[in-house]
Amino acid sequence: MNFMNSTLTKVVIVIPTYNEAANVIPTTVALAKVFKSCQSYDMHILFVDDNSPDGTSKVIDGLMKKYPFVHILNNKHKGGLGHAYKKGFFVAIDKYKADIIFQFDADLQHDPSVIPAMLASIAAGSDLVLGSRYIRGGGIPSHWPWYRKFLSVVGNIYIRVVMANFKVHDWTTGYRAIRTPVVQEILKIMNNAAFYGYTWQIGFLVKTIQKGYKVSEVPFVFRDRTSGASKLGPEYIFNTMRYIMKVRMSEIVNSRIFKFLVTGGTGTLVQITALYFYRMGLGYQLANFLSIETAIVSNFTLSNLWTFADRKLKVTQIPGKFLQFNLASAGSILIQMAIAFMGEKFIGLFTLFNFQLSTFNLTVDTGMVFSIVGILIGMFWNFFAYSRFVWKKK
Ligand SMILES: Nc1nc2c(ncn2[C@@H]2O[C@H](COP(=O)(O)OP(=O)(O)O)[C@@H](O)[C@H]2O)c(=O)[nH]1
Ligand SMILES: [Mg+2]
(Lines give C-alpha, C1' and ligand atoms only; values in the text may rest on other atoms or scores of the structure.)
(Ligands and ions follow the chains in the order given, each with its own letter.)
Protein backbone atom coordinates (compact mmCIF):
# COMPACT_ATOMS: atom_id res chain seq x y z
CA MET A 1 0.00 0.00 0.00
CA ASN A 2 1.19 3.48 -0.84
CA PHE A 3 -0.12 5.56 2.03
CA MET A 4 3.33 7.00 2.74
CA ASN A 5 3.86 8.28 -0.78
CA SER A 6 2.94 11.94 -1.10
CA THR A 7 3.34 12.18 -4.89
CA LEU A 8 0.30 9.96 -5.49
CA THR A 9 -3.20 11.36 -5.88
CA LYS A 10 -4.61 11.47 -2.38
CA VAL A 11 -8.07 10.04 -1.82
CA VAL A 12 -9.99 10.40 1.46
CA ILE A 13 -13.13 8.30 1.99
CA VAL A 14 -15.27 10.29 4.43
CA ILE A 15 -17.61 8.06 6.45
CA PRO A 16 -20.07 9.65 8.90
CA THR A 17 -21.04 7.31 11.72
CA TYR A 18 -23.79 7.32 14.28
CA ASN A 19 -24.17 4.11 16.27
CA GLU A 20 -22.26 1.99 13.80
CA ALA A 21 -20.04 0.11 16.32
CA ALA A 22 -20.90 -3.25 14.74
CA ASN A 23 -20.23 -1.99 11.20
CA VAL A 24 -16.99 -0.01 11.22
CA ILE A 25 -14.69 -3.07 11.37
CA PRO A 26 -16.21 -4.97 8.42
CA THR A 27 -16.40 -1.70 6.48
CA THR A 28 -12.72 -0.95 7.06
CA VAL A 29 -11.68 -4.52 6.19
CA ALA A 30 -13.68 -4.43 2.95
CA LEU A 31 -12.23 -1.04 1.99
CA ALA A 32 -8.66 -2.16 2.80
CA LYS A 33 -9.12 -5.04 0.37
CA VAL A 34 -10.24 -2.68 -2.41
CA PHE A 35 -7.39 -0.24 -1.65
CA LYS A 36 -4.96 -2.96 -2.77
CA SER A 37 -6.28 -2.52 -6.32
CA CYS A 38 -5.85 1.29 -6.15
CA GLN A 39 -2.04 1.24 -6.39
CA SER A 40 -1.75 4.59 -8.13
CA TYR A 41 -3.66 6.37 -5.35
CA ASP A 42 -2.89 7.14 -1.73
CA MET A 43 -6.08 5.89 -0.04
CA HIS A 44 -7.35 7.04 3.37
CA ILE A 45 -10.48 6.66 5.50
CA LEU A 46 -11.82 9.48 7.67
CA PHE A 47 -14.63 8.51 10.06
CA VAL A 48 -16.75 11.40 11.33
CA ASP A 49 -18.42 10.29 14.53
CA ASP A 50 -21.01 12.36 16.40
CA ASN A 51 -20.21 10.97 19.84
CA SER A 52 -22.22 7.77 19.18
CA PRO A 53 -23.58 6.39 22.48
CA ASP A 54 -22.79 2.82 21.35
CA GLY A 55 -19.04 3.53 21.51
CA THR A 56 -18.36 3.59 17.75
CA SER A 57 -15.35 5.87 18.27
CA LYS A 58 -13.68 3.36 20.66
CA VAL A 59 -13.88 0.71 17.95
CA ILE A 60 -12.41 3.17 15.43
CA ASP A 61 -9.54 3.97 17.85
CA GLY A 62 -8.71 0.24 17.77
CA LEU A 63 -8.80 0.24 13.96
CA MET A 64 -6.40 3.22 13.81
CA LYS A 65 -3.78 1.20 15.68
CA LYS A 66 -3.97 -1.54 13.10
CA TYR A 67 -4.47 0.49 9.92
CA PRO A 68 -2.34 3.63 9.46
CA PHE A 69 -4.72 4.93 6.77
CA VAL A 70 -7.68 5.15 9.18
CA HIS A 71 -8.44 8.53 10.82
CA ILE A 72 -11.21 9.91 12.99
CA LEU A 73 -12.91 13.25 13.53
CA ASN A 74 -14.89 13.37 16.79
CA ASN A 75 -17.85 15.75 17.03
CA LYS A 76 -19.37 16.48 20.43
CA HIS A 77 -23.01 16.45 19.27
CA LYS A 78 -25.15 14.74 16.68
CA GLY A 79 -25.62 17.35 13.96
CA GLY A 80 -27.16 15.46 11.03
CA LEU A 81 -25.56 13.98 7.95
CA GLY A 82 -24.85 17.24 6.12
CA HIS A 83 -22.97 18.76 9.02
CA ALA A 84 -20.95 15.60 9.56
CA TYR A 85 -19.98 15.63 5.87
CA LYS A 86 -19.18 19.33 5.84
CA LYS A 87 -16.84 19.07 8.82
CA GLY A 88 -15.33 15.87 7.43
CA PHE A 89 -14.69 17.50 4.04
CA PHE A 90 -12.85 20.46 5.62
CA VAL A 91 -10.61 18.13 7.65
CA ALA A 92 -10.00 15.86 4.64
CA ILE A 93 -8.83 18.91 2.68
CA ASP A 94 -6.96 20.93 5.31
CA LYS A 95 -5.40 18.17 7.42
CA TYR A 96 -5.13 15.24 5.03
CA LYS A 97 -4.64 17.21 1.76
CA ALA A 98 -7.19 15.21 -0.19
CA ASP A 99 -7.28 15.56 -3.99
CA ILE A 100 -10.43 13.45 -4.27
CA ILE A 101 -13.08 12.97 -1.59
CA PHE A 102 -15.56 10.11 -1.31
CA GLN A 103 -18.89 10.07 0.50
CA PHE A 104 -19.48 6.61 1.88
CA ASP A 105 -21.84 4.94 4.37
CA ALA A 106 -20.53 2.98 7.37
CA ASP A 107 -23.02 0.18 6.90
CA LEU A 108 -21.60 -1.50 3.76
CA GLN A 109 -24.69 -0.61 1.72
CA HIS A 110 -22.24 1.01 -0.70
CA ASP A 111 -20.37 -1.71 -2.56
CA PRO A 112 -16.68 -0.71 -2.22
CA SER A 113 -15.65 -2.72 -5.28
CA VAL A 114 -16.77 0.10 -7.61
CA ILE A 115 -14.31 2.59 -6.08
CA PRO A 116 -11.71 1.95 -8.85
CA ALA A 117 -14.36 2.59 -11.53
CA MET A 118 -15.36 5.85 -9.83
CA LEU A 119 -11.71 6.92 -9.64
CA ALA A 120 -11.30 6.08 -13.32
CA SER A 121 -14.28 8.28 -14.14
CA ILE A 122 -12.68 11.20 -12.28
CA ALA A 123 -9.40 10.55 -14.09
CA ALA A 124 -11.36 10.67 -17.35
CA GLY A 125 -12.59 14.20 -16.58
CA SER A 126 -15.59 13.96 -14.27
CA ASP A 127 -15.86 16.45 -11.41
CA LEU A 128 -18.40 14.45 -9.41
CA VAL A 129 -19.16 10.75 -9.81
CA LEU A 130 -22.34 9.24 -8.41
CA GLY A 131 -22.58 5.64 -7.33
CA SER A 132 -25.92 5.08 -9.02
CA ARG A 133 -28.67 2.53 -8.33
CA TYR A 134 -30.91 3.57 -11.21
CA ILE A 135 -28.77 3.01 -14.29
CA ARG A 136 -28.06 -0.28 -16.10
CA GLY A 137 -25.97 -2.48 -13.83
CA GLY A 138 -27.18 -0.78 -10.65
CA GLY A 139 -30.01 -1.80 -8.37
CA ILE A 140 -31.74 -2.09 -5.04
CA PRO A 141 -32.22 -5.32 -3.04
CA SER A 142 -34.75 -7.54 -4.85
CA HIS A 143 -36.33 -8.78 -1.61
CA TRP A 144 -37.33 -5.29 -0.44
CA PRO A 145 -41.09 -4.98 0.14
CA TRP A 146 -42.91 -3.34 -2.77
CA TYR A 147 -43.55 -0.04 -0.96
CA ARG A 148 -39.85 0.42 -0.23
CA LYS A 149 -38.95 -0.23 -3.86
CA PHE A 150 -41.79 2.04 -4.96
CA LEU A 151 -40.60 4.91 -2.74
CA SER A 152 -37.03 4.54 -3.86
CA VAL A 153 -37.75 4.36 -7.59
CA VAL A 154 -40.74 6.75 -7.77
CA GLY A 155 -39.03 9.19 -5.41
CA ASN A 156 -36.12 9.49 -7.79
CA ILE A 157 -38.38 9.81 -10.83
CA TYR A 158 -40.27 12.59 -9.01
CA ILE A 159 -37.02 14.46 -8.41
CA ARG A 160 -35.97 14.05 -12.04
CA VAL A 161 -39.30 15.41 -13.29
CA VAL A 162 -39.46 18.37 -10.88
CA MET A 163 -35.83 19.27 -11.53
CA ALA A 164 -36.45 18.80 -15.28
CA ASN A 165 -33.11 17.02 -15.43
CA PHE A 166 -33.03 13.54 -16.89
CA LYS A 167 -29.28 13.23 -17.17
CA VAL A 168 -28.88 12.36 -13.50
CA HIS A 169 -30.62 9.12 -12.49
CA ASP A 170 -29.87 8.84 -8.78
CA TRP A 171 -30.24 12.16 -6.97
CA THR A 172 -30.32 10.84 -3.42
CA THR A 173 -27.42 8.41 -3.52
CA GLY A 174 -24.94 8.93 -0.71
CA TYR A 175 -22.15 7.20 -2.62
CA ARG A 176 -20.07 9.84 -4.39
CA ALA A 177 -16.58 10.79 -5.47
CA ILE A 178 -15.84 14.52 -5.80
CA ARG A 179 -12.77 16.50 -6.83
CA THR A 180 -11.52 18.74 -4.01
CA PRO A 181 -11.84 22.10 -5.86
CA VAL A 182 -15.50 21.30 -6.50
CA VAL A 183 -16.06 20.46 -2.81
CA GLN A 184 -14.44 23.76 -1.81
CA GLU A 185 -16.54 25.86 -4.18
CA ILE A 186 -19.85 24.16 -3.38
CA LEU A 187 -19.27 24.26 0.39
CA LYS A 188 -18.72 28.00 0.06
CA ILE A 189 -22.15 28.50 -1.55
CA MET A 190 -23.89 26.09 0.84
CA ASN A 191 -22.21 27.63 3.86
CA ASN A 192 -25.14 28.98 5.84
CA ALA A 193 -27.64 26.26 5.06
CA ALA A 194 -28.22 23.36 7.38
CA PHE A 195 -28.82 20.22 5.39
CA TYR A 196 -30.26 17.11 6.92
CA GLY A 197 -30.76 13.69 5.39
CA TYR A 198 -31.40 13.66 1.68
CA THR A 199 -31.57 17.43 1.26
CA TRP A 200 -27.82 17.51 1.78
CA GLN A 201 -27.29 15.09 -1.10
CA ILE A 202 -29.73 16.83 -3.43
CA GLY A 203 -28.64 20.34 -2.45
CA PHE A 204 -24.99 19.59 -3.08
CA LEU A 205 -25.74 17.99 -6.45
CA VAL A 206 -28.02 20.84 -7.61
CA LYS A 207 -25.31 23.42 -6.91
CA THR A 208 -22.66 21.31 -8.62
CA ILE A 209 -24.80 21.05 -11.77
CA GLN A 210 -25.71 24.77 -11.65
CA LYS A 211 -22.00 25.61 -11.59
CA GLY A 212 -21.54 23.61 -14.79
CA TYR A 213 -19.39 20.82 -13.38
CA LYS A 214 -19.28 17.46 -15.13
CA VAL A 215 -21.35 14.84 -13.30
CA SER A 216 -21.25 11.15 -14.23
CA GLU A 217 -22.64 7.91 -12.83
CA VAL A 218 -21.18 4.48 -12.12
CA PRO A 219 -23.65 1.66 -11.33
CA PHE A 220 -23.67 -0.27 -8.07
CA VAL A 221 -26.14 -2.54 -6.32
CA PHE A 222 -27.34 -1.16 -2.99
CA ARG A 223 -27.06 -3.78 -0.27
CA ASP A 224 -29.08 -4.28 2.86
CA ARG A 225 -27.80 -3.29 6.25
CA THR A 226 -26.68 -6.35 8.18
CA SER A 227 -26.54 -4.58 11.56
CA GLY A 228 -27.50 -1.29 13.16
CA ALA A 229 -30.49 0.84 12.19
CA SER A 230 -31.10 3.35 9.41
CA LYS A 231 -31.10 6.96 10.54
CA LEU A 232 -32.91 8.24 7.48
CA GLY A 233 -36.52 7.17 7.91
CA PRO A 234 -39.82 8.07 6.21
CA GLU A 235 -39.96 11.39 8.11
CA TYR A 236 -37.39 12.67 5.61
CA ILE A 237 -39.62 12.11 2.60
CA PHE A 238 -41.92 15.11 3.07
CA ASN A 239 -38.96 17.35 3.86
CA THR A 240 -37.19 16.22 0.74
CA MET A 241 -40.21 16.80 -1.52
CA ARG A 242 -40.71 20.28 -0.10
CA TYR A 243 -37.03 21.07 -0.50
CA ILE A 244 -36.98 20.02 -4.16
CA MET A 245 -40.03 22.16 -4.92
CA LYS A 246 -38.36 25.13 -3.24
CA VAL A 247 -35.10 24.67 -5.15
CA ARG A 248 -36.94 24.35 -8.46
CA MET A 249 -39.23 27.35 -7.84
CA SER A 250 -36.26 29.55 -7.05
CA GLU A 251 -34.50 28.30 -10.20
CA ILE A 252 -37.55 29.23 -12.29
CA VAL A 253 -38.14 32.60 -10.60
CA ASN A 254 -34.49 33.48 -11.07
CA SER A 255 -34.44 32.55 -14.74
CA ARG A 256 -34.25 35.31 -17.34
CA ILE A 257 -37.18 33.92 -19.33
CA PHE A 258 -39.47 34.11 -16.28
CA LYS A 259 -38.44 37.71 -15.56
CA PHE A 260 -38.90 38.59 -19.24
CA LEU A 261 -42.47 37.23 -19.20
CA VAL A 262 -43.33 39.07 -15.96
CA THR A 263 -41.88 42.29 -17.40
CA GLY A 264 -44.00 41.87 -20.54
CA GLY A 265 -47.14 41.11 -18.53
CA THR A 266 -46.54 44.16 -16.35
CA GLY A 267 -46.07 46.24 -19.51
CA THR A 268 -49.47 45.14 -20.82
CA LEU A 269 -51.17 46.14 -17.55
CA VAL A 270 -49.33 49.49 -17.56
CA GLN A 271 -50.46 50.11 -21.15
CA ILE A 272 -54.14 49.40 -20.42
CA THR A 273 -54.12 51.52 -17.24
CA ALA A 274 -52.28 54.39 -18.95
CA LEU A 275 -54.72 54.33 -21.88
CA TYR A 276 -57.65 54.61 -19.49
CA PHE A 277 -56.23 57.70 -17.76
CA TYR A 278 -54.83 59.41 -20.89
CA ARG A 279 -58.24 59.17 -22.60
CA MET A 280 -59.79 61.25 -19.83
CA GLY A 281 -57.95 64.33 -21.19
CA LEU A 282 -56.66 63.42 -24.65
CA GLY A 283 -57.98 62.28 -28.00
CA TYR A 284 -57.95 58.52 -28.66
CA GLN A 285 -55.05 58.36 -31.16
CA LEU A 286 -52.70 60.44 -28.99
CA ALA A 287 -53.75 58.56 -25.84
CA ASN A 288 -53.11 55.24 -27.59
CA PHE A 289 -49.67 56.29 -28.80
CA LEU A 290 -48.67 57.64 -25.37
CA SER A 291 -49.89 54.50 -23.59
CA ILE A 292 -47.73 52.34 -25.87
CA GLU A 293 -44.73 54.55 -25.13
CA THR A 294 -45.47 54.40 -21.39
CA ALA A 295 -45.46 50.60 -21.54
CA ILE A 296 -42.16 50.73 -23.42
CA VAL A 297 -40.63 52.91 -20.70
CA SER A 298 -41.90 50.48 -18.07
CA ASN A 299 -40.52 47.47 -19.95
CA PHE A 300 -37.18 49.16 -20.52
CA THR A 301 -36.82 50.12 -16.85
CA LEU A 302 -37.82 46.70 -15.48
CA SER A 303 -35.58 44.92 -18.00
CA ASN A 304 -32.61 47.06 -17.06
CA LEU A 305 -33.10 46.77 -13.30
CA TRP A 306 -34.30 43.16 -13.11
CA THR A 307 -34.36 40.88 -16.17
CA PHE A 308 -30.93 42.03 -17.36
CA ALA A 309 -29.67 43.34 -14.01
CA ASP A 310 -26.44 41.41 -14.56
CA ARG A 311 -25.81 43.49 -17.70
CA LYS A 312 -27.12 46.82 -16.36
CA LEU A 313 -26.55 49.79 -18.67
CA LYS A 314 -24.41 52.80 -17.73
CA VAL A 315 -26.31 56.09 -17.42
CA THR A 316 -24.53 57.44 -20.51
CA GLN A 317 -25.68 54.43 -22.56
CA ILE A 318 -29.34 54.82 -21.66
CA PRO A 319 -30.50 57.34 -24.33
CA GLY A 320 -28.99 55.34 -27.22
CA LYS A 321 -30.11 52.00 -25.82
CA PHE A 322 -33.62 53.33 -25.20
CA LEU A 323 -33.83 54.27 -28.87
CA GLN A 324 -32.63 50.76 -29.79
CA PHE A 325 -35.26 49.33 -27.46
CA ASN A 326 -37.98 51.33 -29.23
CA LEU A 327 -36.76 50.03 -32.58
CA ALA A 328 -36.85 46.47 -31.25
CA SER A 329 -40.44 47.01 -30.06
CA ALA A 330 -41.38 48.49 -33.44
CA GLY A 331 -39.81 45.42 -35.04
CA SER A 332 -42.07 43.23 -32.95
CA ILE A 333 -45.14 45.18 -34.12
CA LEU A 334 -43.98 44.86 -37.75
CA ILE A 335 -43.56 41.10 -37.34
CA GLN A 336 -47.08 40.82 -35.91
CA MET A 337 -48.56 42.87 -38.75
CA ALA A 338 -46.66 40.87 -41.38
CA ILE A 339 -47.94 37.58 -39.97
CA ALA A 340 -51.53 38.88 -39.87
CA PHE A 341 -51.16 40.17 -43.42
CA MET A 342 -49.72 36.94 -44.83
CA GLY A 343 -52.22 34.87 -42.87
CA GLU A 344 -55.15 36.68 -44.42
CA LYS A 345 -53.59 36.63 -47.92
CA PHE A 346 -52.52 32.97 -48.04
CA ILE A 347 -54.88 31.22 -45.62
CA GLY A 348 -57.82 33.60 -45.42
CA LEU A 349 -60.18 34.72 -42.70
CA PHE A 350 -62.85 32.23 -41.65
CA THR A 351 -64.58 31.08 -38.52
CA LEU A 352 -63.07 28.06 -36.80
CA PHE A 353 -65.74 27.57 -34.13
CA ASN A 354 -68.37 29.34 -32.11
CA PHE A 355 -68.56 29.17 -28.38
CA GLN A 356 -71.97 29.94 -26.90
CA LEU A 357 -72.47 30.24 -23.16
CA SER A 358 -75.96 31.67 -22.41
CA THR A 359 -75.65 35.32 -23.58
CA PHE A 360 -71.88 35.14 -24.08
CA ASN A 361 -70.80 34.43 -27.64
CA LEU A 362 -67.17 33.85 -28.56
CA THR A 363 -66.17 33.35 -32.18
CA VAL A 364 -62.72 31.94 -32.84
CA ASP A 365 -61.55 32.67 -36.39
CA THR A 366 -58.24 32.26 -38.19
CA GLY A 367 -57.56 35.97 -37.57
CA MET A 368 -57.31 35.26 -33.85
CA VAL A 369 -54.86 32.45 -34.55
CA PHE A 370 -52.69 34.72 -36.75
CA SER A 371 -52.60 37.30 -33.95
CA ILE A 372 -51.63 34.77 -31.29
CA VAL A 373 -48.88 33.34 -33.52
CA GLY A 374 -47.76 36.91 -34.17
CA ILE A 375 -47.62 37.73 -30.47
CA LEU A 376 -45.55 34.60 -29.74
CA ILE A 377 -43.08 35.22 -32.56
CA GLY A 378 -42.99 38.91 -31.61
CA MET A 379 -42.04 37.94 -28.06
CA PHE A 380 -39.39 35.63 -29.40
CA TRP A 381 -37.98 38.52 -31.45
CA ASN A 382 -38.08 40.86 -28.45
CA PHE A 383 -36.15 38.44 -26.27
CA PHE A 384 -33.61 37.93 -29.03
CA ALA A 385 -33.20 41.68 -29.62
CA TYR A 386 -32.91 42.48 -25.92
CA SER A 387 -30.31 39.84 -25.16
CA ARG A 388 -28.28 40.26 -28.37
CA PHE A 389 -28.41 44.00 -28.94
CA VAL A 390 -29.78 46.16 -26.13
CA TRP A 391 -28.27 44.17 -23.23
CA LYS A 392 -25.46 42.60 -25.18
CA LYS A 393 -23.23 40.25 -23.21
CA LYS A 394 -19.98 42.04 -22.42
N1 LIG B 1 -21.89 11.59 12.13
C2 LIG B 1 -23.17 11.34 11.79
N3 LIG B 1 -23.44 10.30 10.97
C4 LIG B 1 -24.72 10.06 10.63
C5 LIG B 1 -25.80 10.87 11.07
N6 LIG B 1 -26.95 10.39 10.52
C7 LIG B 1 -26.60 9.33 9.76
N8 LIG B 1 -25.26 9.12 9.83
C9 LIG B 1 -24.44 8.09 9.13
O10 LIG B 1 -24.63 8.32 7.74
C11 LIG B 1 -24.64 7.09 7.03
C12 LIG B 1 -25.97 6.98 6.25
O13 LIG B 1 -27.06 6.85 7.16
P14 LIG B 1 -28.08 5.62 7.09
O15 LIG B 1 -28.80 5.57 8.36
O16 LIG B 1 -27.35 4.39 6.66
O17 LIG B 1 -29.05 6.11 5.93
P18 LIG B 1 -29.75 5.20 4.82
O19 LIG B 1 -28.67 4.41 4.16
O20 LIG B 1 -30.41 6.17 3.90
O21 LIG B 1 -30.71 4.33 5.58
C22 LIG B 1 -24.45 6.00 8.05
O23 LIG B 1 -23.07 5.65 8.07
C24 LIG B 1 -24.86 6.66 9.37
O25 LIG B 1 -24.20 6.13 10.49
C26 LIG B 1 -25.48 11.97 11.94
O27 LIG B 1 -26.34 12.74 12.40
N28 LIG B 1 -24.16 12.17 12.26
MG1 LIG C 1 -27.24 3.33 4.94
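Residues numbered from 1 in each chain as written. Chains lettered and ligands numbered in written order. Predicted model: local features only at pLDDT ≥ 70, side-chain atom pairs only at ≥ 80, totals over all residues. Heavy atoms only, no water.

J.: What am I meant to see in the coordination of the magnesium ion (ligand 2) here?
T.: By definition of the ideal shapes, four donors in a tetrahedron about a metal sit 109.5 degrees apart, and six donors in an octahedron sit 90 or 180 degrees apart. Bound to the magnesium ion (ligand 2) on the protein side are Asp105 (OD), Asp107 (OD) and Gln109 (OE1), at distances that span 1.9 to 2.7 Å. Between consecutive donor residues of the magnesium ion (ligand 2), the sequence gaps follow D-x1-D-x1-Q. Owing to a relative accessible area of 8%, Gln109 belongs among the buried residues under this scheme. (Donors = N, O, S within 2.8 Å, 3.2 Å for Na, K, Ca; no water. Buried < 20%, exposed > 50% of the residue type's maximum accessible area, 1.4 Å probe, protein only.)

J.: Looking at this structure, how should I read helix H3 (residues 81–94)?
T.: An ideal rise of 1.5 Å per residue puts 20 Å on 14 residues; H3 measures up with 20 Å between its terminal C-alpha atoms. Residues Gly82, Ala84, Tyr85, Lys86, Gly88, Phe89, Ala92 and Ile93 constitute the buried set of H3. (Helix = DSSP H or I, 4+ residues; strand = E, 2+ residues; numbered from the N terminus. Expected span 1.5 Å × (residues − 1).)

J.: In this structure, what is going on with the domain arrangement of the chain? I would like to understand it.
T.: The accessible area lost on association of the parts is a frequent measure of interface size. Splitting the chain by domain gives domain 1 (9–253) and domain 2 (256–390). The distance between the C-alpha centroids of domain 1 and domain 2 comes to 50 Å. (Domains from an automatic or database assignment.)

J.: Looking at this structure, I do not really get the site of ligand 1. What am I missing?
T.: Around ligand 1 sit 19 residues, and of these Glu20, Asp50, Lys78, Ser230 and Lys231 come closest. Measuring from an oxygen atom of ligand 1, one finds a backbone N or O atom of Pro16 at 2.9 Å. Gln109 places a side-chain nitrogen or oxygen 2.8 Å from an oxygen atom of ligand 1. For ligand 1, the protein covers 95% of the area, taking 580 Å² as the surface of the free molecule. Elements with a contribution of two residues or more to the shell around ligand 1: strand E1 (9–17) and H3. (Near = heavy atom within 4 Å. Polar contact = N/O pair within 3.5 Å; in protein donor to acceptor, adjacent residues only side chain to side chain. Areas by Shrake-Rupley, 256 points an atom, 1.4 Å probe, with all protein chains shown as cover.)

J.: Would you mind going over the nonpolar core with me for this structure?
T.: Proteins that are soluble and globular tend to have nonpolar side chains buried together. Residues Met43, Phe47, Phe102, Ile115 and Leu119 are the most contacted members of the largest nonpolar core, which totals 37 residues. Elements with a minimum of two residues in this core: E1, helix H1 (24–35), strand E2 (41–49), helix H2 (56–66), strand E3 (70–74), strand E4 (100–103) and helix H4 (115–123). With 5 residues, H1 is the single largest residue contributor to this core. Discounting residues that sit within four places of it in the chain, Met43 has contacts with Val11, Ile13, Phe35, Cys38, Phe69, Ile115 and Leu119. One finds Tyr96, Leu128, Val183 and Val247 within the second-largest nonpolar core, a separate group that totals 34 residues. (Core = buried A, V, L, I, M, F, W, Y, C linked by side-chain atoms within 4.5 Å. Contact = heavy atoms within 4.5 Å.)

J.: Help me understand the packing of aromatic side chains, please; the structure alone is not making it clear to me.
T.: Ring pairs (aromatic) are described by centroid distance and by the angle formed between their planes. Throughout the structure, instances matching the rule amount to 26 aromatic pairs. Pairing Phe300 with Phe322 gives two aromatic rings, centres 5.2 Å apart and planes at 75 degrees, and the pair type is edge-to-face. Residue Phe300 is found in helix H10 (residues 284–307), and its partner Phe322 is found in helix H11 (residues 318–347); the two are separated by 22 residues along the sequence. Taken together through their ring pairs, the aromatic side chains of Phe260, Phe300, Phe308, Phe322, Phe325, Phe383, Tyr386 and Trp391 make up a single cluster. Lying over the aromatic face of Trp144, Arg148 brings its terminal NZ or CZ to 3.8 Å of the ring centre. (Phe/Tyr/Trp six-rings, centres within 6.5 Å; stacked < 30°, edge-to-face > 60°. Lys NZ or Arg CZ within 6 Å of the ring centre and 35° of its normal.)

J.: Which parts of the structure should I look at to understand the sheet that holds E1?
T.: The strands that make up a sheet are held in pairs by hydrogen bonds between backbone atoms, and each pair lies either parallel or antiparallel. What the 7 strands build is an open sheet, ordered E3-E2-E1-E4-E6-E5-E7; its pairing is mixed. Each end of this open sheet is capped by a strand with a single partner; those strands are E3 and strand E7 (215–219). Across the sheet, the mean angle separating the axes of adjacent strands is 20 degrees when strand polarity is ignored. Looking at chain direction, E4 and strand E6 (residues 176–179) are connected through 4 bridges and run antiparallel. (Pairing = 2+ DSSP bridges. Axes fitted to C-alpha atoms, helices over the stretch in contact; angles between N-to-C directions.)

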